[in-house]
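Notes for the structure review
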Amino acid sequence: MTRLSTQTATAPFRLHEVTLVRRRPISPSFVRFTFSGPELDQFADKGLDQRIKLIFPLDGVGLAAVPMGDDWYARWRELPDELRNPIRTYTVRAVRREQREIDVDIVLHGLTGPASRWASSAEPGDSLVILGPNAAYEGFHGGVDFLPPRRSGRVLLAGDETALPAIANILEALPADARGCALVEVPHPDDVAALPVHPGFDVVVVPRGSGTHGEALSPLVREKVDGLLEALDSELEIDDVDVDAGLLWEVPSDDAGHAALDEAPLYAWLAGEASVIKALRRHLVAERGMDRKAVAFMGYWRLGRSEQN
Ligand SMILES: Cc1cc2nc3c(=O)[nH]c(=O)nc-3n(C[C@H](O)[C@H](O)[C@H](O)COP(=O)(O)OP(=O)(O)OC[C@H]3O[C@@H](n4cnc5c(N)ncnc54)[C@H](O)[C@@H]3O)c2cc1C
């Protein structure tokens, strides 16, 4: 039975107990999951790369132990391991508040993690709990990291399949006169079907095939940046980021959550496997001289590591 959230308008995010109503393959690697829930009319539609959390059932326990209410996270952390449901981060691909529905596009990457395992066998009628932005909350929600300067000459979007839903949302939201490149490395050539076109964007999808992560994307980014930005002579020193020690995540913004710069010739948004993204960011900032405040980079996942709860 669906439990209604007891969260208040003071929380920027709120939990929803939802039911899977449709699963539809949209390309060889992606399945679009449509969820319905009685309070999804309260799910704020912030678009772009809005991140959300999906809370998955535990064997033998389901979702019964997931605490609801404003203090759910503190109570969830206090639960014993066997009652603490796995939580993973996703992008909300579409919000239809009137129909109380949302879509999430999930990559099937095998049976190695709770999210991909759930996605490979979930059927309509199955339940999940989803944390999403609260429409009743009037402040700054957070969780949107595409923050281009007000005047950006060009935009570079680059990532792997986990970033594809966010890149698709961003392309759909950008005005027709925006200009740039969207470069995505995917498992299968036909995954291109999951991306929209944009009149001002060079959208290039490269299949990974039997290569390693980033092997196809990295040379593509290097090549395309030539056309986006004139090479600068200076070699800049940048801080090293240890992807094994910490979260690879930097979103240049001011205290109010707006873009850090007012204008930039090129704004780059990079997301995907952490070590690939770290190398791309280094290329753009250290080798090409891009202002680091014009580069947002996010390690969406780490090869060989489970997302920590
Ligand atoms: C802000 C944000 C938005 C995201 N949006 C989406 C989205 O819209 N759609 C989407 O599919 N993913 C998205 N991701 C990525 C997703 O959260 C991770 O892939 C997550 O690790 C999947 O959880 P899991 O339980 O399947 O695997 P985990 O338990 O986290 O990991 C188990 C194993 O699987 C490996 N692994 C994890 N993801 C992949 C992958 N994609 N390919 C190959 N191996 C993998 C790990 O390295 C580990 O070895 C997003 C991540 C972030 C941070």
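Parameters at a glance
- Residues numbered from 1 in each chain as written.
- Predicted model: local features only at pLDDT ≥ 70, side-chain atom pairs only at ≥ 80, totals over all residues.
- Helix = DSSP H or I, 4+ residues; strand = E, 2+ residues; numbered from the N terminus.
- Rg over C-alpha atoms; globule rule 2.2 N^0.38 Å.
- Buried ≥ 20, exposed ≤ 12 C-beta atoms within 10 Å, placed from the backbone.
- Contact = placed C-beta atoms within 7 Å.
- Domains from an automatic or database assignment.
- Nonpolar A, V, L, I, M, F, W, Y, C, P; charged D, E, K, R; others polar.
- Core = buried A, V, L, I, M, F, W, Y, C linked by C-beta atoms within 7 Å.
- Pairing = 2+ DSSP bridges.
- Axes fitted to C-alpha atoms, helices over the stretch in contact; angles between N-to-C directions.
- Near = placed C-beta within 6 Å.

Moving on, we get to the overall build of the chain. Broken down by element type, the chain carries five helices and 13 strands. Taking 2.2 N^0.38 as the reference for a compact globule, 309 residues should give roughly 19 Å; the C-alpha atoms of the chain span a radius of gyration of 19 Å, in line with that estimate. Along the first, second and third principal axes, the C-alpha atoms of the chain reach 60 × 45 × 40 Å. Taken across its 309 residues, the chain has 40% of its residues classed as buried. The contacts in the chain between residues at least 6 apart in sequence include a share of 74% that link residues at least 24 apart.

Turning our eyes to something else, we now look at the domain arrangement of the chain. Per the domain assignment, the segments making up the chain are domain 1 (13–133) and domain 2 (151–301). Spacing between the C-alpha centres of domain 1 and domain 2 amounts to 26 Å. Each side of the interface is counted separately: domain 1 has 12 residues, and domain 2 has 14 residues. Tallied by class, the residues present in the side of domain 1 that touches domain 2 amount to five nonpolar, four polar and three charged.

With that settled, consider the nonpolar core. Core analysis: the biggest nonpolar cluster contains 78 residues, and Leu156, Ile167, Ala268, Leu270 and Ile277 have the highest contact counts within it. The element best represented in this core is strand β12 (residues 263–273), accounting for seven residues. Formed jointly, this core draws a minimum of three residues from each of two domains, domain 1 (13–133) and domain 2 (151–301). Look past the residues within four positions of Ile277 in its chain and what remains in contact with it is Leu248, Leu270, Ala271, Gly272, Phe297, Met298 and Gly299.

Let us look at the pairing of strand β2 (residues 30–36). In the sheet, strand β1 (residues 13–25) pairs with β2 via six bridges, with the strands oriented antiparallel. When the bridges of β2 are listed, Thr19 appears paired with Ser36. Between β1 and β2, which pair antiparallel one after the other, the connecting turn spans four residues. Relative to strand β6 (residues 101–107), β2 is paired through seven bridges, and the arrangement is antiparallel. Within β6, the residue paired with Thr34 across the bridge is Asp103.

For the rest of this paragraph, the subject is the sheet that holds strand β9 (residues 180–186). Spatial ordering of the open sheet is given by β10-β9-β8-β12-β13-β11, a layout of six strands whose pairing is mixed. Lying at the two open borders of the sheet, with one neighbouring strand each, are β10 (201–207) and β11 (249–250). Here helix α4 (residues 217–228) sits on the sheet and contacts β8 (151–160), β9, β10 and β12; the angle it forms with β9, its principal contact strand, is near 175°. Each of β8, β12 and β13 (295–301) is contacted by helix α5 (residues 274–287), which is oriented at about 160° to β12, the strand it contacts most.

Around the ligand, the surrounding shell holds 24 residues, and the nearest of these are Val107, His109, Gly113, Ala115 and Ser116. Mapped onto the shell around the ligand, the elements with two or more residues apiece are β4 (87–91), β6, α2 (114–121) and β13. Looking at which element gives the most residues to the shell around the ligand, the answer is β4, with four residues. Its residues assigned to classes, the shell around the ligand shows nine nonpolar, nine polar and six charged. Residue assignment places the shell around the ligand across two domains, with domain 1 (13–133) and domain 2 (151–301) each supplying three or more.

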